Amino acid sequence: DVSDQGDAAIDTEIRRAMQACDAALFVIGDNCHNSPWIQREAELAISRSLAIVVARIDGTDGAEPPELRDRKDVARVKANSVEIAGALNKVGKTQ
């Protein structure tokens, strides 16, 4: 965990983790949209042209990160393994 090392360390860690990714999965709960990490992850996923899947946990009403809200190229599913796997498989075939 690099969160106590400041924004530059967080950014470096997110970039490192995303280097080998073809897609980014965002799991949305009640308060995720307030996290600076998730906002930066969304920015980086967009800048790297990753396929993006947003999965909402049932019974929650938190917002998607602002960077993703109006994007038409984002797959939106319920947070269950079948729907998430289906969305990730679908976006993986379009790349």
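Residues numbered from 1 in each chain as written. Predicted model: local features only at pLDDT ≥ 70, side-chain atom pairs only at ≥ 80, totals over all residues. Heavy atoms only, no water.

**Points about the pairing of strand E1 (residues 23-28)**
- The two faces of E1 differ: Ala24, Phe26 and Ile28 on one face are buried, but Ala23, Leu25 and Val27 on the other face are not.
- In this view, the connection linking E1 to its parallel neighbour strand E2 (residues 51-56) by way of helix H2 (residues 36-47) has right-handed handedness. (Buried < 20%, exposed > 50% of the residue type's maximum accessible area, 1.4 Å probe, protein only. Helix = DSSP H or I, 4+ residues; strand = E, 2+ residues; numbered from the N terminus. Right-handed = clockwise from strand over helix to strand, strands pointing away.)

**Section: the environment of Cys32**
- Residue position: Cys32 is located in the loop between E1 and H2.
- C-alpha of Cys32 to C-alpha of Ile84: the two residues are 52 residues apart in sequence and 18 Å apart in space.
- Ignoring sequence-local partners within four residues, the contact set of Cys32 consists of Val27 and Ile38. (Contact = heavy atoms within 4.5 Å.)

**A closer look at the side chain of Glu64**
- As for its placement among the helices and strands, Glu64 is situated in the loop between E2 and strand E3 (74-78).
- A distance of 2.7 Å separates a polar atom in the side chain of Glu64 from a polar atom in the side chain of Arg76. (Polar contact = N/O pair within 3.5 Å; in protein donor to acceptor, adjacent residues only side chain to side chain.)

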